[in-house]
Amino acid sequence: MKLSLNWLRRYVALDRPVDEISNALTMIGFEVEGIARTGLSPIANVVVGEIVTRDKHPGADKLSVCTVRVAPEATPIQIVCGAPNCDAGHRVPVALPGAVMPGDFKIKVSKIRGVESNGMMCSARELGLGDDHGGLLVLPNTLTLGTPIHEAIGAGDVVFDLEITPNRPDCLSHLGLARELAAWFRLPLQYPAIKTGEPTAGAPAVPHLLESVAVTAEEDCPHYTAHVVSGVKIGPSPAWLQEALQAVGLRPINNVVDVTNFVLMETGQPLHAFDAKKIAGHRLTIRRAAEGEKLVTLDNKERVLTERMLVIADAEKPLVVAGIMGGANAEVDATTTDLVLESAFFKPTAIRATAKKLGLSSDSSYRFERGIDPCGLLPAARRAIDLILETAGGQVVGPLFNVGSAPATETAIEVTPDFIRARAGYDIPDATMRELLEAIELEIEVRNDVTRLTGSIWNVKVPSWRGDLDRDVDLVEEVVRLHGCDKIPPTPVVAVALPEDDDPITEFNRAAGAYLVGQHFHECANYSQRSGPETAAWFSDAAAKTLGLANPFTEEYSHLRASLINGLLENLRLNQDRRTGATKLFEVGRTFREVDGKIHECLSVGFVIRTESEDAQWLARPAADFYTAKRHLAVIAANAGVTLESLRVERVAAPNAGWQPDHAATFGRLTDGCEARCGLLNLEMLRKLGLAGGVVAGMLYVLPEKVAEAKRRAKYKPFSLFPAALRDIALVVDATAAAETVRRDVAKAARAAAGGKLALENVRLFDVYQGKGLPEGKKSFAFSLVYRAEDRTLTDDEVNAAFQKAQDELTKNAAYAIRK
Amino acid sequence: MQAALQALVEKARGDLAALSARPEFEAAKARFVGPNGELTALMKQLGAAPKEQKPILGKLINQAKGELQTLLDAALARIEQAEIAAQLGPAIDPTLPSPDSGAGTTHPLTLVREELCRIFRKAGFAVVEGPEVETEWFCFDALNTPADHPARDLQDTFYLPENALVANVSQRTKERYLLRTHTSSVQIRTMLKQKPPVRIISPGRVFRRDTIDATHSANFHQLEGLYVDRNVTVKDLKAILDYLFQSLLGKDIKTRFRPHYFGYTEPSFEVDLSAKHLGKIGKEWVEIMGCGMVDPAVFESVGYDPKEWTGYAFGMGIERIAMMLYGVDDIRYFYQNDARFLRQFV
């Protein structure tokens, strides 16, 4: 909303500095997004001059030598000028020697490339009038030579560009904002006097101008009024009206249209003027459009309407998209002599839907969408008629066409000053509150409450334009706002302890991040959206189908991410290309997995490790591999209460876009609460991505509800203080045997053999061998068995016996042989 | 005999001096003093010696034995020294860089989030989490957002398809799923689960259908705060936010409340900051967040009695705060993850 200070001063005598007004607007809730100044403050020795001659500068191609007359009858003076438009005949601002221009630039007689110059002709920018520096500011030829430039251009205006929040449509008008500022500065508000009265009751219609007005869509148009003004003379508006409109960015068109725009910007009530002779059948109908009905709007675009849209139509065709824009076919033009002036109330949601559908917004639709003053129709119409009669002549004829009525607006709020103080939390005296509320035209009726010892009850009547006020808390806002938000007193925080822990999910995320940072990973943040093809390739077509957004912004971000790895790979690539040296990255964040056509939102942790780096090291370290990733995953999963080793594990065997078959594995199932995957990423895929070498990755998914259950307090178990006895066993097994299966068998046999007297504490795999000395298709696993008793030191004999028994038991299984 | 002993000692002196490894030493030791060694052989001769010579010879043998032991000890010490030297390898160059990967780094958005959490934790706020996929009811309706509010537009909010099913994010009825546009939806889920008083913050990721540029990101992070209790006032709201910014930026910071409008608070405010020591933002007021007193309509939608309960709520953009704290001028850097950027924040 553009607010002109000159315009504002029609209603409130505001003589404060611009900064103070700007600050006031911001502090009462209308944020100032920009301030534009037009006009000039006085500058001495800058006058209107006329270029008499223009010649080329003898020593410079781009300069001209002009003679300029700076007073009537005066001898022209010589000025060197670089502007392209310093043509003879132009009247331009001339800064004479002694002038001090904005930016403290002093004008003196000087020589430019050897030619004397007695001043400077000015561009708009050189005068401090905006940014135009394309050439001299050419002034109207009607200006008298020698006139001080600030008199010629005028004192100007200050225009504030304001953000009006959606709850305050009443302030999409100069009067509305004047009311607010008058309240803030405690100044009286002067409404414009209205001369036009109610048309004579029962006056007969003038059938050749307008016979009738009918509303067939009452729901979308609860109230419609029309006046007929006959005998107007269309012409340009007076200067004051043109200036006012130009200040707020509107183009003057003709006196009648300008008046409707002026009243719109003054009161917030959109008006529409029809040329009466263009209304076929002299009948107006406010109806829904027929599906496919067409209308060329004032912007010369053909609009195809739907049956949801409201139009103002004559007997034959639609003339206006109601509340949004008029049609070219009923426009007021130079030939217009009789007017029909519409002032109506349209339902905000109806206007919004139509404006959106047509992609068409106007100053009128903006106000109708947000809600106009339901009681403002006739005052605005009469104000406009006053101004039309003043600027275009004519007279009101016929009756007031008045269909429907204002939607109910009588609002009264019961509130006590104590309530307002209690919600504000600080003291504002009753009298002050009352003064503030009355300043914005709320009417307060005080009732003494007989049931209370002190205090009173206020019955607050809300004016029709404040549809946003209907509850006691709304008045708290008005008081706090107008009293001044800067008066909210500072105070220490008073916080009663609440016995709540941070969410277990938060703690899980923190632990995962802390661990990986401790393992030298860089934490990354990537978008939660990925592309469809990638989702299909890495997961499945079903995943791509389920995880797609209804209205993605771009194709690359069309799907909810199912993995963190993809983003991290892009980050690896960037860091590789930029040679930052970073090879270990991770992210903690939400991912989305498809299971049986349903989306599951997961907590997740993903990490990537490049196995090679562009930066050679003077000392080699072993490269990361599947087992590195597995260890990281196990530590992180433990924070969610999940033991990774206890999950069912499966090697990735089938061809896979993301992971290298046989070099990656999946742990657990998401539907059981936790799923993890780690190992080497698909080398072909990495090559296509432009990543050199291998990348080892890990990805953990946990359902949030699972983490919430995970919190358990540990319970101490006693442990033996006696020495351990160690025995090693090497088994020859099939080359395809899984280590963990064999280990469990060893543990089971050894535990059974040990019986109750000595405990088998642990079975640990410590060697894997395949090759020379073993038959084809076989390998060997070596395990270390730890025996320990709780109550004594074990003897060699008893350990040997148990160990032998375990070996005997194991070798009963044909799959196992002791490696000697 | 005496000569033989003398010769043995001299031989041992020569041989042991030449030894440098433990196996050779063990062999030499066995050769000289072992049960089958030369000294033992000489000792055996003692038995055959004339009786009167025995004490002298015995003394000589003991003397030789002592000398041999001294020689052996010296040799062993020397070998052990050599072994340790071998185990150590060459001396370190303390100026050589570690070949291990450099220190890990926490993302600046995480750092800021955690700093905010710590500040609020001290004032008794606990962190709660909520889903990123939300429903229209939790994101809009329950927060008193009108059905045709522009924020709900397909233009501004990411929606899931009409028939999408989310297994672990509950709906109120059958309303549509979307990507949450603010963390305020967590207020609703928390209040539905928990009876007042409530004092929570909820940091998290939110989504807007924005064109990405230096100050706009389609994914970003917010931190939501909610306090519900009896007799909560506007003054309390100002107090907690003054406390926040003084904790974050020092005592010299100034905050300003400006009336604003949000559907879920009444009154509503925007908060501006001014800090002389913070370069860019020192000169003017800079808008930093929104807040207000919980609107009674929100209490009604979660079944709290608005006559009994009052509260405040606030929300801020974590990126915006991070940009201000660190002086970052382009939001996209947070999502590019260049290690030269990430390493700057610890």
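Residues numbered from 1 in each chain as written. Chains lettered and ligands numbered in written order. Predicted model: local features only at pLDDT ≥ 70, side-chain atom pairs only at ≥ 80, totals over all residues. Heavy atoms only, no water.

Student: Would you mind showing me how to read the overall build of chain A here?
Tutor: Helix and strand content of chain A: 21 helices and 39 strands. The C-alpha atoms of chain A give 42 Å as radius of gyration, which overshoots the globular expectation for 820 residues (28 Å, by more than 25%). Along the three orthogonal principal directions, the C-alpha set of chain A runs to about 130 × 90 × 65 Å. Residues counted as buried form 52% of the 820 residues belonging to chain A. Counting contacts in chain A only where the partners sit at least 6 residues apart, residues at least 24 apart contribute 70% of the total. Of the roughly 37,900 Å² that chain A leaves accessible, carbon and sulfur atoms contribute 51%. (Helix = DSSP H or I, 4+ residues; strand = E, 2+ residues; numbered from the N terminus. Rg over C-alpha atoms; globule rule 2.2 N^0.38 Å. Buried < 20%, exposed > 50% of the residue type's maximum accessible area, 1.4 Å probe, protein only. Contact = heavy atoms within 4.5 Å. Areas by Shrake-Rupley, 256 points an atom, 1.4 Å probe, with all protein chains shown as cover.)

Student: I would appreciate a short explanation of the overall build of chain B in the present structure.
Tutor: Per the secondary structure count, chain B includes twelve helices and nine strands. Taking 2.2 N^0.38 as the reference for a compact globule, 346 residues should give roughly 20 Å; the C-alpha atoms of chain B span a radius of gyration of 41 Å, well beyond that estimate. Principal-axis analysis of the C-alpha atoms places the extent of chain B at approximately 125 × 50 × 40 Å. In chain B, which comprises 346 residues, the proportion classed as buried is 53%. Long-range contacts, defined as pairs at least 24 residues apart, comprise 66% of the intrachain contacts of chain B with a sequence gap of at least 6. By element, 53% of the accessible surface of chain B is carried by carbon and sulfur atoms, the whole surface being about 15,800 Å². Mean positive and mean negative side-chain charge positions of chain B (42 and 44 charges, respectively) differ by 6 Å. (Lys, Arg positive; Asp, Glu negative; His and termini not counted. Charge placed at Lys NZ, Arg CZ, Asp CG, Glu CD.)

Student: Explain the sheet that holds strand 38 (residues 778-788) of chain A to me, please; I cannot follow it from the model alone.
Tutor: Sheets are built from strands that pair by backbone hydrogen bonding, the pairs being arranged parallel or antiparallel. Residue and element names in this part refer to chain A. In space, the four strands of this open sheet follow the order 37-38-36-39, with antiparallel pairing throughout. The sheet terminates laterally at strand 37 (759-769) and strand 39 (817-818), the two strands that pair on one side only. Contacts between helix 20 (residues 739-754) and the sheet are confined to strand 36 (725-734), strand 37 and strand 38, with strand 38 contributing the most and set at about 40 degrees to the helix. Along the sheet face, helix 21 (residues 796-811) touches strand 36, strand 38 and strand 39 and points at about 10 degrees away from the line of strand 36. (Pairing = 2+ DSSP bridges. Axes fitted to C-alpha atoms, helices over the stretch in contact; angles between N-to-C directions.)

Student: What should I look at first to understand the side chain of Ser173 of chain A in this one?
Tutor: Residue and element names in this part refer to chain A. Along the chain, Ser173 falls in the loop between strand 12 (158-163) and helix 4 (174-185). By relative accessible area, Ser173 is classed as buried at 2%. Among residues more than four places away in sequence, those in contact with Ser173 are Met1, Met265, Glu266, Thr267 and Gly268.

Student: Hey, could you run me through the interface of chain B and chain A in this one?
Tutor: Size of an interface, as often reported, equals the accessible area lost when the parts are brought together. Counting residues at the interface gives 89 residues for chain B and 86 residues for chain A. Taking both sides of the interface into account, the surface hidden between chain B and chain A amounts to around 7,300 Å²; carbon and sulfur atoms contribute 54%. For the pair chain B and chain A, the interface holds nine salt bridges. Across the pair Arg258 of chain B and Glu31 of chain A runs a salt bridge, and its minimum N-O distance is 3.4 Å. There are 47 residue pairs in polar contact (both at pLDDT 80 or more) connecting chain B and chain A. (Buried area = accessible area lost by both parts, 1.4 Å probe. Salt bridge = Lys/Arg side-chain N within 4 Å of Asp/Glu carboxyl O. Polar contact = N/O pair within 3.5 Å; in protein donor to acceptor, adjacent residues only side chain to side chain.)

Student: Would you take a moment to explain the pairing of strand 9 (residues 310-317) of chain B for this structure?
Tutor: Side-chain direction in a regular strand flips from residue to residue, so the side chains alternate between the two faces of the sheet. Residues and elements named next belong to chain B. Burial of strand 9 is extensive: seven of the eight residues sit out of reach of the surface. Note: strand 5 (residues 219-229) against strand 9, eight bridges, orientation antiparallel. The residue of strand 9 that forms the bridge with Leu226 is Ala313. With five bridges connecting them, strand 8 (residues 286-294) and strand 9 associate as antiparallel partners. Residue pairing for strand 9: Cys291 is matched across the bridge by Phe314.

Student: In this structure, what is going on with the pattern of salt bridges? I would like to understand it.
Tutor: Two side chains of opposite charge can pair, provided their charged atoms sit close to one another. Residues and elements named next belong to chain A. Tallied over the full model, the rule gives 76 salt bridges over all chains. With its nearest N and O atoms 2.9 Å apart, the salt bridge here joins Asp502 to Arg510. For Asp502, a relative accessible area of 8% corresponds to the buried category. Between Arg788 and Glu761 there is a salt bridge, with the nearest N and O atoms lying 2.6 Å from each other. Taken together, the residues Arg788 in strand 38 and Glu761 in strand 37 connect sequence positions 27 residues apart. Note on Glu761: relative accessible area 43%, which makes it partly exposed.

Student: What is the right way to look at the pairing of strand 5 of chain B in this model?
Tutor: Residue and element names in this part refer to chain B. Counted residue by residue, strand 5 has eleven buried out of eleven residues, so it is predominantly covered. Alignment of strand 4 (residues 198-207) against strand 5, held across ten bridges, turns out to be antiparallel. Residue Ser202 lies in a different strand from strand 5, and its bridge partner there is Glu224.

Student: Whenever I open this one, the sheet that holds strand 26 (residues 456-462) of chain A confuses me. Can you help?
Tutor: Residue and element names in this part refer to chain A. Pairing is antiparallel in the open sheet, where three strands are placed in the order 24-26-25. The open sheet terminates on both sides in strands that have one partner only, identified here as strand 24 (411-415) and strand 25 (443-448). Looking at each pair of strands side by side, their axes are set apart by 20 degrees on average, direction ignored. Pairing of strand 24 with strand 26, which is carried by five bridges, proceeds in the antiparallel orientation. Residue pairing in the sheet places Ile413 in a bridge with Val460 of strand 26. Of the strands in this sheet, strand 25 and strand 26 touch helix 11 (residues 430-439), which is tilted by about 10 degrees from strand 26.

Student: Explain a nonpolar patch on the surface to me, please; I cannot follow it from the model alone.
Tutor: On the surface, Trp618 and Leu619 of chain A together with Leu96 of chain B cluster together to form a nonpolar patch covering roughly 280 Å² of accessible area. Position of Leu619 of chain A among the secondary structure elements: in the loop between strand 31 (598-610) and helix 17 (626-639). Leu619 of chain A sits in the partly exposed class, given a relative accessible area of 35%. (Patch = residues over 30% accessible without salt bridge, like charges linked within 9 Å, V, L, I, M, F, W, Y side chains within 5 Å.)

Student: Just checking my understanding: could you explain the packing of aromatic side chains for this structure?
Tutor: For any pair of aromatic rings, geometry is given as the distance between the ring centres together with the angle between the planes. The tally for this structure, following the rule as stated, stands at 22 aromatic pairs over all chains. When the ring centre of Phe521 of chain A is taken as reference, the NZ or CZ atom of Lys584 of chain A above it lies at 4.9 Å. Note that Arg189 of chain B overlies the ring of Phe138 of chain B, its terminal NZ or CZ placed 3.7 Å from the centroid. (Phe/Tyr/Trp six-rings, centres within 6.5 Å; stacked < 30°, edge-to-face > 60°. Lys NZ or Arg CZ within 6 Å of the ring centre and 35° of its normal.)

Student: I'm lost on unusual backbone geometry in this one. Help?
Tutor: Negative phi is the rule for most residues except glycine; trans is the rule for most peptide bonds. All names here are of chain B. Following Pro196, the chain continues into Pro197 via a peptide bond in cis, with omega recorded as 0 degrees. One non-glycine residue, Asn144, lies in the positive phi region at around 65 degrees. Tracing the sequence through the fold places Asn144 in the loop between helix 6 (136-139) and strand 3 (177-179). Assessed through its relative accessible area of 31%, Asn144 is described here as partly exposed.

Student: Explain helix 2 (residues 22-33) of chain B here, please?
Tutor: An α-helix turns once every 3.6 residues. As a result, residues three or four positions apart point the same way. Residue and element names in this part refer to chain B. Taking 1.5 Å of rise per residue, the twelve residues of helix 2 would be expected to cover 16 Å, and the 16 Å separating its terminal C-alpha atoms lies within 8% of that figure. Taken together, the buried positions of helix 2 are occupied by Phe25, Ala28 and Phe32. Taken end-on, helix 2 shows its buried residues confined to a sector of 65 degrees, consistent with a single buried face. Where helix 2 is buried, its residues touch helix 1 (2-18), helix 3 (38-46) and helix 4 (54-88). (Expected span 1.5 Å × (residues − 1). Arc of directions from axis to C-beta.)

Student: Which parts of the structure should I look at to understand the nonpolar core?
Tutor: The tendency in soluble globular proteins is for nonpolar side chains to be buried side by side. Counting 155 residues, the largest nonpolar core has Phe160, Leu569 and Leu681 of chain A together with Leu237, Leu241, Phe245 and Phe314 of chain B as the members making the most contacts within it. Here this core gets eight residues from one element, more than from any other, and that element is helix 8 (residues 234-249) of chain B. Setting aside residues no more than four positions away along its own chain, Leu241 of chain B makes contact with Phe257, Val271, Met289, Cys291 and Phe314 of chain B. Grouped together as the second largest cluster of nonpolar side chains are 42 residues, Leu305, Val320, Ala322 and Val340 of chain A included. (Core = buried A, V, L, I, M, F, W, Y, C linked by side-chain atoms within 4.5 Å.)

Student: For this particular structure, what's the right way to read the state of the cysteines?
Tutor: Two cysteines, two sulfur atoms, one covalent bond between them: this is a disulfide. Under the defined criterion, the tally for this structure stands at zero disulfides over all chains. Cys81 of chain A forms no disulfide, and the closest cysteine sulfur to it belongs to Cys86 of chain A, at a distance of 4.0 Å. Of all cysteine sulfurs, the one in Cys291 of chain B lies closest to Cys485 of chain A, which takes part in no disulfide; the gap is 9.3 Å. (Disulfide = S-S within 2.5 Å.)

Student: Looking at this structure, I do not really get the packing of helix 2 of chain B against helix 4 of chain B. What am I missing?
Tutor: Between two packed helices, both the angle of their axes relative to each other and the distance between the axes serve to describe the pair. All names here are of chain B. Between helix 2 and helix 4, the shortest axis-to-axis distance is 10 Å and the interhelical angle comes to 175 degrees. Of the possible angle classes, the one that applies to helix 2 and helix 4 is roughly antiparallel. Along its contact with helix 2, which presents Arg22, Phe25, Lys29 and Val33, the element helix 4 presents Leu68, Leu72, Ala75, Leu76, Ile79, Glu80 and Glu83. Counted by class, the contact of helix 2 with helix 4 contains seven nonpolar, no polar and four charged residues. (Parallel < 35°, antiparallel > 145°, perpendicular 65-115°, else oblique. Nonpolar A, V, L, I, M, F, W, Y, C, P; charged D, E, K, R; others polar.)

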